[in-house]
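# Per-entry structural report
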Amino acid sequence: VQLQASGGGLVHPGGSLRLSCAASGSIASINVMGWHRQAPGKQRELVATITSGGITDYADSVKGRFTISRDNAKKTEYLQMNNLKPEDTAVYYCYASITSEEGSSIYWGQGTLVTVSS
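Residues numbered from 1 in each chain as written. Predicted model: local features only at pLDDT ≥ 70, side-chain atom pairs only at ≥ 80, totals over all residues. Heavy atoms only, no water.

## Comments concerning the state of the cysteines
Quick note on the threshold: Cysteine sulfur atoms are paired as a disulfide whenever they fall within 2.5 Å. Only DSSP runs of H or I with at least four residues qualify as helices, and only runs of E with at least two residues qualify as strands; both kinds are numbered from the N terminus onward. We call a residue buried when its accessible area falls under 20% of the maximum for its residue type, exposed when it is over 50%, and partly exposed in between, using a 1.4 Å probe and counting protein chains only.
In total, this model carries one disulfide according to the counting rule given. Two residues, C21 and C94, share a disulfide whose sulfurs are 2.0 Å apart. Across the S-S bond of C21 and C94 the torsion is about 60 degrees, and the bridge reads as right-handed. You can see C21 sitting in strand 3 (residues 17-24) and its partner C94 sitting in strand 9 (residues 90-100), a full 73 residues away along the chain. C21 gets classed as buried once you look at its relative accessible area, which sits at 0%. Looking at C94, the relative accessible area reads 0%, which means it is buried.

Given below as structure tokens:
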């Protein structure tokens, strides 16, 4: 099982980016999916989560600006980020709770860098 994240890049303050994270491998089911981020010199923090039923939760710092979604048929989650601020600059990591033939475990993507700068 692997998670492949994509969509990071450089954007001006106020701009938007959409991150994607696709799961592949021998997957029986995907439960909670989500995103964390780690800014330079700071601890990794939870950004957003989404359950298999579509229930979402967000960090206070991104509420109203970020939207998490998922396409269960494509085994993919998304993070739409609008009105980006310099403090959103970080490496973003996707994760998913996946049940495979090997059992249930948390898997992480490789991280994608988001830089918000003028």
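## A look at the packing of aromatic side chains
Note the following rule: What counts as a ring pair is set by centres within 6.5 Å for rings of Phe, Tyr and Trp (its six-membered ring), and what kind of pair is set by the plane angle: stacked under 30 degrees, edge-to-face over 60, tilted for all other angles. Here, a charge over a ring is recorded when the distance from Lys NZ or Arg CZ to the ring centre is within 6 Å and its angle to the ring normal is within 35 degrees.
Evaluated as defined, the whole model comprises one aromatic pair. Centroid distance Y95 to W108: 5.2 Å. Interplanar angle 35 degrees. Geometry classified as tilted. Of this pair, Y95 sits in strand 9 while W108 sits in strand 10 (residues 103-108); the two residues are 13 residues apart in sequence, bridging distant segments of the chain. Judged by relative accessible area, which is 38%, W108 ranks as partly exposed. The cationic tip of R18 hangs over the ring face of Y78; the distance from NZ or CZ to the ring centre is 4.1 Å.

## Details of the pairing of strand 8 (residues 76-81)
For clarity, the cut-off: Pairing between strands requires that DSSP locate at least two bridges from one strand to the other.
Most of strand 8 sits out of view: five of its six residues are buried. Pairing of strand 3 with strand 8, which is carried by six bridges, proceeds in the antiparallel orientation. In the sheet register, R18 faces strand 8, and the bridge partner there is Q80. Sheet analysis places strand 7 (residues 66-71) next to strand 8, joined by six bridges and oriented antiparallel. By the bridge assignment for strand 8, R70 is matched with E77.

## Considering the nonpolar core
Put simply, the rule reads: Take the buried Ala, Val, Leu, Ile, Met, Phe, Trp, Tyr and Cys residues and link them wherever side-chain atoms come within 4.5 Å; each set so joined is a nonpolar core. By definition, residues are in contact when any of their heavy atoms lie within 4.5 Å.
Counting 31 residues, the largest nonpolar core has W35, L79, M81 and Y92 as its most contacted members. Examining the composition of this core, we find that five residues originate from one element, strand 9, more than from any other. Setting aside residues no more than four positions away along its own chain, Y92 makes contact with L19, W35, H36, R37, V47, F66, L79, M81, G111, T112 and V114.

## Notes on the sheet that holds strand 7
For clarity, the threshold we go by: Each axis is a line fitted through C-alpha atoms, and for a helix only the stretch in contact is used; angles between axes span 0 to 180 degrees, taken between their N-to-C directions.
Pairing is antiparallel in the open sheet, where four strands are placed in the order 1-3-8-7. Strands with a single pairing partner mark the edges of an open sheet, and in this sheet they are strand 1 (2-6) and strand 7. On average, each strand axis in the sheet is inclined to that of its neighbour by 15 degrees, with strand direction left out of account.

## Quick notes on the pattern of salt bridges
When charged atoms on two side chains of opposite charge get close, those side chains can pair. Threshold: Take a side-chain nitrogen of Lys or Arg and a carboxyl oxygen of Asp or Glu: if they are within 4 Å of each other, that pair is a salt bridge.
What the rule picks out here adds up to four salt bridges. Taken together, the shared-partner salt bridges in this structure form one network comprising R37, E45, R65 and D88.

## With respect to the side chain of R65
Worth spelling out the cut-off: Side-chain atoms alone can form a polar contact between residues adjacent in sequence; in general such a contact is a pair of N or O atoms within 3.5 Å, and within protein one must be able to donate a hydrogen while the other accepts it.
Along the chain, R65 falls in the loop between strand 6 (56-58) and strand 7. Here the side chain of R65 touches N83 through a polar contact of 3.0 Å, landing on its backbone oxygen. The contacts of R65, once residues within four sequence positions are left out, are Q80, M81, N82, N83, L84, K85 and D88.

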